[in-house]
Every structure is written in C-alpha cells, then in structure tokens.
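Report on the structure
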Amino acid sequence: MNSMALFIVTLLFGWCGVHKFIQKKYGQGFLYLFTFGIFGIGWFIDCILAFLAIFQHKVKAPAAPAPSQDDMVEQLCLSLDPEFVSFVLPMIKSGLSYERIRDAYISAHPDSECEDLMLRIGYVHSYYSTTTTLANLKDCGASKYRIVSMIDNDLCDLCRKYKGRTFPVSSARIGYNCPPFHLGCRCVIVIEE
C-alpha cells in the first residue's frame, strides 16, 4: 500500500485500527479497536506519521559499477582478517605454493599464533579460484555451474548437501550456493552444459 492510501485509511479508520490490520499488526489492531485508537492519542500520532511518510522521498543510490575481480575477492574474504587477505592474495595470484606462503607469513608475523594457517590460505585461494572461474563462466556465456566435491570420508554434511547440484551463474553467491562454504572446503565449480 502506498503512503497516500495508508494516510487516508489511517485518517478515516485509524481510530478502530484498520491501518494496523492492513499492516498485519493484528495485536495492535485489536488494541486500537477496543480502545478507540488508544483513546485517540495513538490514532493522532499514526496520522502524523502516515502524513509525514507521504513527503519522505527515498532516493535510490546510483548503481555501483561492477566490482573488479580483486574487489570481489577482498569483499568476500572479509570473514578473515583483511590484513591476512591482503598479505596472502598477491602470493596466491603469483602462483606460490601454500608452504612458501605460510613460511612468508610466519616470517613477516612471528608473533602470530595461527593453528589453521594452511586452511586459511586454502580458503583465500579457493575464493580467488571461484571468483576467477565465475568471471570466466560469465565471459563465455555459460548459464549454469555444477558443484563438484571430493568423494571420500572427509566430506562434510554441508558439502555433501551441495555436491552435484547446479545453479545459475547469475545467482552465484560464494559461501551460500558456491564454494568455498567453510575453511577446508574442497568443493569446486565446473561449467554445466
């Protein structure tokens, strides 16, 4: 319901709570019905609020430019420490092995205690790989992708749930319907024809 119609309904029938029932606020609707709009005070306040809502213009923000591949990776890796991501990502892009990245990180951050360092490096690598793959799928006009998982006893319930499923490339959300789903995730995506 638009704001003008809500104002008219509130003004004419607000004393008996009709506007509250329309908004699916049934408890408040019955309260207004039995107290005549909370003795007219609630009705008066709701009339003012509905009137003001008519003049509130919600300006839509201009569409943001499509994020670059690096921006997407950095945004998606915010669940990790951004400093960690900015340190590790250039090394992943250059093709260094996980061991060399780990050694470089430990030498640059000798005081950091990180038991799951290799998993975190793998997580950032998986984000980067998936982002690159999604960009390539979009570039070649692919419409769907399939999630492929390792078939072994270490497959978690979440990865088992998504194994073999297909999704539209346009709705891919890393961590939701596109791997990695968690630290240590070994799922990948492939084109679905």
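Residues numbered from 1 in each chain as written. Predicted model: local features only at pLDDT ≥ 70, side-chain atom pairs only at ≥ 80, totals over all residues. Heavy atoms only, no water.

**Considerations on a nonpolar patch on the surface**
The condition is simple: In this scheme, patches are assembled from residues that exceed 30% relative accessible area and form no salt bridge. Like charges are connected within 9 Å, while nonpolar side chains (Val, Leu, Ile, Met, Phe, Trp, Tyr) are connected within 5 Å. Every accessible area reported is derived by Shrake-Rupley at a probe size of 1.4 Å, with residue values counting cover from the shown protein chains alone. We count a salt bridge whenever a side-chain nitrogen from Lys or Arg sits within 4 Å of a carboxyl oxygen from Asp or Glu. For helices the rule is a DSSP run of H or I covering at least 4 residues; for strands it is a run of E covering at least 2, with both sets numbered from the N terminus onward.
Together, Ile41, Phe44, Ile45, Ile48, Leu49, Phe51, Leu52 and Phe55 line one region of the surface with nonpolar side chains, adding up to about 810 Å² of accessible area. Summarising the element assignment, Leu49 is placed in helix H4 (residues 41–55).

**Section: the packing of aromatic side chains**
Two aromatic rings, taken as a pair, are described by how far apart their centres are and by the angle between their planes. The line we're drawing: Put simply, two rings from Phe, Tyr or Trp (the six-membered ring, in Trp's case) pair if the centres are within 6.5 Å, and we call them stacked under 30 degrees between planes, edge-to-face over 60, tilted for the rest. Only protein chains enter the accessibility calculation, which uses a 1.4 Å probe; a residue is then buried when its area is under 20% of its type maximum, exposed when over 50%, and partly exposed in between.
This structure, assessed with the given rule, holds 11 aromatic pairs. Residues Phe87 and Tyr105 carry aromatic rings whose centres are separated by 5.5 Å and whose planes lie at 75° to one another, so their mutual orientation is edge-to-face. Taken together, the positions of Phe87 in helix H6 (residues 82–93) and Tyr105 in helix H7 (residues 98–108) put the pair 18 residues apart, joining distant regions of the chain. You can call Tyr105 buried: its relative accessible area is 7%.

**Section: the confidence of the model for the chain**
Worth spelling out the cut-off: The predictor reports its confidence for every residue as pLDDT, a score running from 0 up to 100. In this analysis, two residues are considered to be in contact whenever any of their non-hydrogen atoms come within 4.5 Å of each other.
Within the chain, residue pLDDT values average 82, and 87% of them lie at 70 or more. Here residues 57–67 is modelled with pLDDT under 50, and outside its nearest four sequence neighbours on either side it reaches one contact, counting other chains as well.

**Let's talk about the state of the cysteines**
Rules: Here, the term disulfide refers to a pair of cysteine sulfur atoms separated by no more than 2.5 Å.
Under the definition given, this model contains zero disulfides. Cys178 takes part in no disulfide bond, and the closest cysteine sulfur, belonging to Cys185, lies 9.7 Å away. The structure places no disulfide on Cys187, whose sulfur is separated from the nearest cysteine sulfur, that of Cys159, by 3.4 Å. Exposure remark for Cys187: the relative accessible area of 2% places this residue in the buried category.

**Here's the deal with the pattern of salt bridges**
By the definition in use, this model includes four salt bridges. Between Lys20 and Asp46 there is a salt bridge, and its shortest N-O distance comes to 3.5 Å. Here the residue Lys20 occupies a position in helix H2 (residues 18–22), and Asp46 occupies one in helix H4, the gap between them amounting to 26 residues. The exposure class assigned to Lys20 is buried, which follows from its relative accessible area of 8%. Residue Asp46 is classed as buried on the basis of its relative accessible area of 11%. A salt bridge links Arg102 to Asp103; the shortest N-O distance between them is 3.3 Å.

**Brief notes about the sheet that holds strand E1 (residues 144–148)**
Definition in use: When DSSP finds two or more bridges between two strands, those strands count as paired. Note on method: axes are straight lines fitted to C-alpha atoms, helices fitted across the in-contact stretch only, with angles between N-to-C directions ranging 0 to 180 degrees.
The three strands lie next to each other as E2-E1-E3, forming an open sheet whose pairing is antiparallel. If you trace the sheet from one side to the other, it starts and ends with strand E2 (166–168) and strand E3 (188–192), each paired once. Averaged over all neighbouring strand pairs, the angle between strand axes comes to 35°, with direction disregarded. With three bridges connecting them, E1 and E2 associate as antiparallel partners. Of the residues in E2, the one forming a bridge with Arg146 is Thr166. This element, helix H8 (residues 117–139), spans E1 and E3 of the sheet and lies at about 10° to E3.

**A word on the packing of H6 against H8**
The following threshold applies: In this scheme, a crossing is called left-handed if the near helix is turned counterclockwise away from the far one by less than a right angle; it is called right-handed if the turn is clockwise. Any residue outside Ala, Val, Leu, Ile, Met, Phe, Trp, Tyr, Cys, Pro, Asp, Glu, Lys and Arg is labelled polar, Gly included; the first ten of those are nonpolar and the last four are charged.
Interhelical geometry of H6 versus H8 gives an angle of 65° and a closest axis separation of 10 Å. You can see that H6 and H8 cross each other, and the crossing is right-handed. Of H8, the residues touching H6 (which contributes Phe84, Val85, Val88, Leu89, Ile92 and Lys93) are Leu117, Arg120, Ile121, Val124, His125 and Tyr128. Residue classes in the contact of H6 with H8 are distributed as nine nonpolar, one polar and two charged.

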